Amino acid sequence: MDLLTIQAILVIVAAMGFNYTNGFHDAANAIATSVSTRALSPRAALGLAAIGNFVGAHLGVKVAETVGSGIVSLPQTSSALAVVFGGVMGAIVWNLITWWFGLPSSSSHALIGGLVGATLVGGYEVLWDGILSSVVIPMVLSPVVGVILGFIVMTAIMWIFRNGNPRRLGKGFRFAQTVSAAAMAVGHGMQDAAKTMGIVVLGLYLGGLQDSPKHIPEWVFIVSALVLAAGTFAGGWRIIKTLGRRVIDLGPPEGFAAETVASSVLYGSAALGAPISTTHTITSAIMGVGATKGFAAVRWGVAGNIVGAWVLTFPAAGGVAALIYLIANPLFA
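Below is a short write-up of the structure. (Residues numbered from 1 in each chain as written. Predicted model: local features only at pLDDT ≥ 70, side-chain atom pairs only at ≥ 80, totals over all residues. Heavy atoms only, no water.)

**Some words on the overall build of the protein chain**
This is how it is decided: Working definition: helices are DSSP H or I runs of at least four residues, strands are E runs of at least two. Numbering for both runs from the N terminus. Only protein chains enter the calculation, and the probe is 1.4 Å; a residue is then buried if its accessible area is under 20% of its type maximum, exposed if over 50%, and partly exposed in between. Using a 1.4 Å probe, accessible areas were evaluated by the Shrake-Rupley method; residue-level cover was limited to the displayed protein chains.
Of regular secondary structure, the protein chain possesses 12 helices and two strands. Ordered by position from the N terminus, the helices and strands of the protein chain form the series α-α-α-β-α-α-β-α-α-α-α-α-α-α. The buried share of the protein chain, taken over its 333 residues, is 58%. In the structure as shown, the protein chain presents an accessible area of about 12800 Å², 71% of it carried by carbon and sulfur atoms.

**Observations regarding helix α10 (residues 252–272)**
Heads up, the condition is: Multiply 1.5 Å by the residue count of a helix minus one, and that product is the helix's expected span.
In this model, α10 (21 residues) spans 31 Å end to end at C-alpha, consistent with the 30 Å of a helix rising 1.5 Å per residue. Backbone geometry just downstream of α10 places G273 in the positive-phi region, at approximately 80 degrees.

**Focus: the packing of α10 against helix α11 (residues 278–290)**
Note the threshold: To define axes, lines are fitted to C-alpha atoms, for helices over the stretch in contact only, and angles between the resulting N-to-C directions are given on a 0 to 180 degree scale. Geometric relationships in this document are graded by angle, where less than 35 degrees denotes roughly parallel, more than 145 denotes roughly antiparallel, 65 to 115 denotes roughly perpendicular, and other angles denote oblique. Should the near helix be turned counterclockwise from the far one by less than a right angle, the crossing is left-handed, whereas a clockwise turn marks it as right-handed. We call two residues in contact when some of their heavy atoms are within 4.5 Å. Under the scheme applied here, ten amino acids are nonpolar (Ala, Val, Leu, Ile, Met, Phe, Trp, Tyr, Cys and Pro), four are charged (Asp, Glu, Lys and Arg), and all others, including Gly, are polar.
In contact at an axis separation of 8 Å, α10 and α11 are set at 140 degrees when each is read in the N-to-C sense. Comparing their axes, α11 and α10 come out oblique. In the crossing of α10 with α11, the sense of the turn from one axis to the other is right-handed. Here E254, A257, A258, E259, V261, A262, V265 and L266 of α10 lie close against α11, whose contacting residues are T278, T281, I282, A285, I286 and V289. Of the residues belonging to the contact of α10 with α11, the class tally is 10 nonpolar, two polar and two charged.

**Considerations on the pattern of salt bridges**
Where we set the bar: In what follows, salt bridge is the name for a side-chain nitrogen of Lys or Arg lying within 4 Å of a carboxyl oxygen of Asp or Glu.
A full pass over the atoms with the stated rule returns two salt bridges. The shortest N-O distance in the salt bridge between D192 and K195 comes to 3.7 Å. In this pair, D192 and K195 are both assigned in helix α7 (residues 166–206), three residues apart and thus about one turn of the helix distant. Residue classification places K195 among the buried positions, given a relative accessible area of 1%.

**Re a nonpolar patch on the surface**
To keep it simple, the criterion reads: Candidates for patches are residues over 30% relative accessible area with no salt bridge; among them, like charges are joined within 9 Å and nonpolar side chains (Val, Leu, Ile, Met, Phe, Trp, Tyr) within 5 Å.
A grouping of L132, I137, L141, V144, V145, I148, L149, F151 and I152 is seen on the molecular surface, where their side chains present a nonpolar patch of about 740 Å² in accessible area. By the secondary structure assignment, V144 is in helix α6 (residues 128–160). Residue V144 is classed as partly exposed on the basis of its relative accessible area, which comes to 43%.

**Here we look at the packing of aromatic side chains**
Going by this rule: Ring pairs are drawn from Phe, Tyr and Trp, using the six-membered ring of Trp, whenever the two centres fall within 6.5 Å, and their geometry is named by plane angle: stacked under 30 degrees, edge-to-face over 60, tilted for the rest. Both a distance and an angle decide whether a charge sits over a ring: NZ of Lys or CZ of Arg must be within 6 Å of the ring centre and within 35 degrees of the ring normal.
As enumerated under the stated definition, the model contains three aromatic pairs in all. Each ring, one from F161 and one from F173, has its centre 5.4 Å from the other, and the planes form 80 degrees; the classification is edge-to-face. With F161 in the loop between α6 and α7 and F173 in helix α7, this residue pair connects regions lying 12 residues apart in the sequence. A connected cluster of aromatic rings, assembled from ring pairs, spans F161, F173 and F256. Taking NZ or CZ as reference, R162 lies 4.3 Å from the ring centre of W159, over its face.

**Describing the nonpolar core**
For soluble globular proteins, the rule of thumb is that nonpolar side chains tend to be buried together. The condition is simple: Take the buried Ala, Val, Leu, Ile, Met, Phe, Trp, Tyr and Cys residues and link them wherever side-chain atoms come within 4.5 Å; each set so joined is a nonpolar core.
Judged by nonpolar contacts, the single largest core of 52 residues is most densely connected at I71, L74, V84, V88 and I199. Among the elements of the structure, α1 (3–36), α3 (61–69), α4 (78–100), α5 (107–122), α6, α7, α8 (218–234) and α12 (300–332) are those that each provide at least two residues to this core. If you look at the next biggest cluster of nonpolar residues, it comprises 17 residues, including M154, L250, L266 and I286.

**Section: the packing of α6 against α10**
Contact geometry of α6 with α10 gives a least axis separation of 9 Å together with a crossing angle of 140 degrees. Accordingly, the angle class assigned to the pair α6 and α10 is oblique. Crossing angle aside, the handedness with which α6 passes α10 is right-handed. Contacts from S142, V145, G146, L149, G150, V153, M154 and I157 of α6 reach α10 at P253, E254, F256, A257, V261 and V265. Looking at the contact of α6 with α10 residue by residue, the class counts come to 10 nonpolar, three polar and one charged.

**Things to note about the environment of G52**
With respect to the element layout, G52 can be found in helix α2 (residues 42–57). Judged by relative accessible area, G52 falls into the buried class, the value being 6%. Along the primary structure G52 and A182 are separated by 130 residues, whereas in three dimensions their C-alpha atoms are 6.0 Å apart. Contact partners of G52, with chain neighbours within four places excluded, come to A185 and V186.

**Things to note about α6**
Operational definition: The angle separating two fitted axes, one through the seven residues that finish at a residue and one through the seven that start at it, defines the bend at that residue.
For α6, which comprises 33 residues, the first-to-last C-alpha distance of 45 Å matches the rise-based estimate of 48 Å (1.5 Å per residue) to within 8%. At P138, α6 shows its strongest bend, of approximately 35 degrees.

**Focus: the environment of V201**
Assignment of secondary structure puts V201 in helix α7. When near neighbours in sequence (up to four residues on either side) are disregarded, V201 contacts Q210, S212, P213, K214, H215, I216 and P217.

Structure follows, in structure tokens:
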């Protein structure tokens, strides 16, 4: 086994480490609303999310291709593998920081920010047109769409069921949340497992282990999905608490509306190959749903802290990734 192969394996292992942190960091995206409304028990919700992530991984090929070949252009060298390693490690560090403080920041944007930061320091080409069209524009639009659709869907639910029995409605929407939570989990797998698959394929290509930067071997689907599912089942209770209780007080109808909106946005973006943030999407949907109760119903201070973490994610993960690249590059040479 030559040195380049060993380095490629190291990058793949690091990618799976990111995948695992992504699972427990972003578990809240799929289950926070269902747990907070008591539609599902915590363990049942985590199990459902893990299964949904596994299924969704097989449906996110376009997102994987965008991450693997549409963001940076790297040659098949040891230094390029060091770039990918630095980018992934930068994302892991930022995931752990935001998890510790209970902030639902975007693992996706941490990964992309880390990859870009390490690429810039390494002196390689960043595909800015691809980042603008596939990352920046969807990053801006998806929360806006989430807020608007969340408000519209929740308003429609309130009007349709305005004369319903509250107790029966609560029971019915708790059951409906089982379906919407599963849909959200599949959407999470389509986005987040796919991003890791893109990094693994990039590592395989740069390490000379395959000729195409887009081909995804079946074992990559399986391993990426399993690791993400394992991380999801481990849970991310700090972030679950933030999304489930600290933004607004969620009931079953609100949880169903938020999950339905968020999963719809995730499916649409995955079909276009746009790697959007599941965190941004569900959080903005929750805010839109909460706004139907009045401006004061949303805890905007908490929401502001979340938005602050979003803004910091790209430069913070990019900076950490650049530093790790500078340390790792001599070891990869």
